[in-house]
Amino acid sequence: MTISVFDLFKIGIGPSSSHTVGPMRAALDFVHKLEQRGCLDQVTNIRVELFGSLGATGVGHGSGPAVILGLEGQTPETIDPAYLEIRLAEIHADSELQLLGKHRITFKEADDLRYIIEPLPQHPNGMRLIARDAAGIALYTREYFSVGGGFVVDEDEIGQSDQAVDRSEETEVQIPYPFDTMEELLAHCKAEQKSIAEIILENEKIHRTDAEIREGLLEIWHVMQACVSRGCEQEGTLPGGLDVKRRAPTLYRKLKARPEASLRDPLSALDWVSLYALAVNEENAAGGRVVTAPTNGAAGIVPAVLHYYMRFYYSGSDAGIVRFMLTAAAVGMLCKRNASISGAEVGCQGEVGSACAMAAAGLAAVSGGTPEQVENAAEIAMEHNLGLTCDPIAGLVQVPCIERNAMAAIKAINASRIALNGDGEHFVSLDKVIKTMRDTGADMQSKYKETSLGGLAVNVIEC
């Protein structure tokens, strides 16, 4: 397993890791390759073609603008969401953009940016970039595929094993505890008498020191907290035309106004969990800064359960945050390696289902669960998301995506509690459930996989 924790938990912008973050990173890679080939200065025009799910829902997901800003050298990790709209307006008005911020070319969206519903044969999320010189001769052409969670591969890598590895984190060094299944991971835990988090930590040390890993994970936690805070403060409606009203600020004020005695209600904590998830996903829908966990569409689940752990557990601590995230990442790695975390590939079971399993595993780990109980928690969470379709209305990560995160966060907590009340033995393994998720996604009709051609996307009655 060569995926890093920091591949799964990446800081980026909304509304979609596969449709916004991935295309931006692909465009950036493309212009870097132009520079490496020594032909950047010869480029006078770039044509962008978005295929399949990117073509069908790319407008609602902001895929085109993401590519444009990636061509200018912007990255999802560092771009200021407030700058995005300002710069896009300038590019539209001038019909020009600056490759890597230093080479000006003509770019007219109506001519140079195409949304094509038919997919490329390799993957539902495909894109092609073509750079031409003043004579109209193609200097360089490359196809990229956004395979979920902000991971991108090109036309040479799409068929390779472990294709989803983020090349910025890739290493040829052998990790001490390689695993491709949960069964193999549990065997390492048993042989070394270590927890899942400790095994993942040892593997991460190939890339970073103990201190760097801890600092990096706590920085991700800080970004998650900031996202919740912003989501609780921002009023108004979400962009995109559906006029979906932000609910988190109103709910936040309502919960804050409750008397302390209301916490005696054993379910009152779940209202806060719902708030945390709603806040994150409303920020994501508005194009704010979020953390892929493992995707943007499912970005509210892990933060919501982490906030639950920190607020409602007496043992909540920074050490627990690190343990939670390392454990959650192990499950995410397996989902990505053996199935998919792309809604366009397997439906929302791959996004919300994977995130729910990750959160359940993390919570079980910080609650004192054994590796077997942690595996059971993840299995329960994933099993009860099987078959979940990805049918966003108008191609926006709003309905049903925002509420779906709140529901899955609560489901993760329940899955963890069920597992902790058992001894770790159970009938269906996580490995088998992940395989089932993959097979279910393969059988699922394409209209239910992030194309806005089926399900709620076409059956909502306008009042």
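In case you missed it, the structure is sitting above this.
Residues numbered from 1 in each chain as written. Predicted model: local features only at pLDDT ≥ 70, side-chain atom pairs only at ≥ 80, totals over all residues. Heavy atoms only, no water.

Draft legend 1. Layout of the packing of helix α15 (residues 352–366) against helix α16 (residues 371–383). One can describe the packing of α15 onto α16 by two numbers: an axis separation of 8 Å at closest approach and a directional angle of 150 degrees. Classified by the interaxial angle, the pair formed by α15 and α16 is roughly antiparallel. Viewed along their axes, α15 and α16 form a crossing whose handedness is right-handed. In contact with G353, S354, C356, A357, A360, A361, A364 and A365 of α15, α16 contributes Q373, V374, A377, A378, A381 and M382. Its residues placed into classes, the contact of α15 with α16 shows 11 nonpolar, 3 polar and no charged. (Axes fitted to C-alpha atoms, helices over the stretch in contact; angles between N-to-C directions. Helix = DSSP H or I, 4+ residues; strand = E, 2+ residues; numbered from the N terminus. Parallel < 35°, antiparallel > 145°, perpendicular 65-115°, else oblique. Left-handed = near helix turned anticlockwise from the far one by under 90°. Contact = heavy atoms within 4.5 Å. Nonpolar A, V, L, I, M, F, W, Y, C, P; charged D, E, K, R; others polar.)

Draft legend 2. Up close: the pattern of salt bridges. Inspection of the entire model under this criterion finds 23 salt bridges. As a salt-bridge pair, E283 and R246 come within 3.1 Å of each other at their nearest N and O atoms. Taken as a pair, E283 in helix α11 (residues 268–285) and R246 in the loop between α9 (210–233) and α10 (248–257) lie far apart in primary sequence, 37 residues in all. The same class applies to E283 and to R246, which are both buried. (Salt bridge = Lys/Arg side-chain N within 4 Å of Asp/Glu carboxyl O. Buried < 20%, exposed > 50% of the residue type's maximum accessible area, 1.4 Å probe, protein only.)

Draft legend 3. Representation of the state of the cysteines in the model. For the structure shown, the criterion picks out 0 disulfides. Unpaired in this structure, C348 has its nearest cysteine sulfur neighbour in C390, at a distance of 5.4 Å. (Disulfide = S-S within 2.5 Å.)

Draft legend 4. Structural detail: helix α7 (residues 182–192). Buried within α7 we find M182, L185, L186, H188 and C189. Seen along its axis, α7 keeps its buried residues to an arc of 150 degrees; they face one direction. Opposite its buried face, α7 presents the exposed residues E183, K190 and A191, each directed more than 90 degrees away. Contacts from the buried residues of α7 go to α8 (196–204), α13 (318–338), α16 and α18 (430–443). Remark: Q193 follows α7 within two positions and exhibits a positive phi of approximately 55 degrees. (Arc of directions from axis to C-beta.)

Draft legend 5. Region of the structure containing the environment of S95. Mapping S95 onto the fold places it in the loop between α5 (81–94) and β3 (96–99). Taking the relative accessible area as the measure of exposure, S95 reaches 23% and is therefore partly exposed. Counting along the chain gives 97 residues from S95 to E192, while the straight-line C-alpha distance between them is 60 Å. Leave out the neighbours within four places in its chain, and S95 touches I105, T106, F107 and K108.

Draft legend 6. Quick peek at the nonpolar core. In terms of nonpolar packing, the biggest core is built from 107 residues, with V5, F9, I196, L217, M224, V302 and V331 touching the most fellow members. The residues contacting I196, other than those within four sequence positions of it, are M182, L185, L186, C189, T327, A330, P371 and V374. If you look at the next biggest cluster of nonpolar residues, it comprises 36 residues, including M24, A66, L100 and L113. (Core = buried A, V, L, I, M, F, W, Y, C linked by side-chain atoms within 4.5 Å.)

Draft legend 7. Broad picture of the environment of H307. Tracing the backbone through its elements, the reader meets H307 in helix α12 (residues 301–312). Residue classification places H307 among the buried residues on the basis of a relative accessible area of 11%. With 86 residues separating them along the chain, H307 and W221 place their C-alpha atoms 9.6 Å apart. Other than its neighbours up to four places away in sequence, H307 contacts W221, M224, Q225, V228 and Y276.

Draft legend 8. Local environment of the packing of aromatic side chains. Scanning all chains against the criterion turns up 6 aromatic pairs. Both rings, one in Y308 and one in F312, keep their centres 5.7 Å apart while their planes meet at 35 degrees; by these two values the pair is tilted. With a gap of 4 residues between them, Y308 and F312 both fall in helix α12, about one helical turn apart. Following the ring pairs from residue to residue traces out a cluster consisting of Y308, Y309, F312 and Y313. Across the ring face of F151, the terminal group of K10 is positioned such that the distance to the ring centre comes to 3.9 Å. Here the basic side chain of R311 rests over the ring of W272, its NZ or CZ set 3.8 Å away from the ring centre. (Phe/Tyr/Trp six-rings, centres within 6.5 Å; stacked < 30°, edge-to-face > 60°. Lys NZ or Arg CZ within 6 Å of the ring centre and 35° of its normal.)

Draft legend 9. Inspection of the packing of α13 against α18 at higher detail. Two elements in contact, α13 and α18, have axes whose closest approach is 9 Å; the angle formed by their N-to-C orientations is 45 degrees. In this view, α13 runs oblique relative to α18, as classed from their interaxial angle. The two elements α13 and α18 meet at a crossing, and its hand is right-handed. Every residue of α18 that contacts α13 at V331, L334, C335 and N338 is listed here: L430, I434 and R438. Of the residues contributing to the contact of α13 with α18, the split by class is 5 nonpolar, 1 polar and 1 charged.

Purely geometric numbers; function is a separate question.
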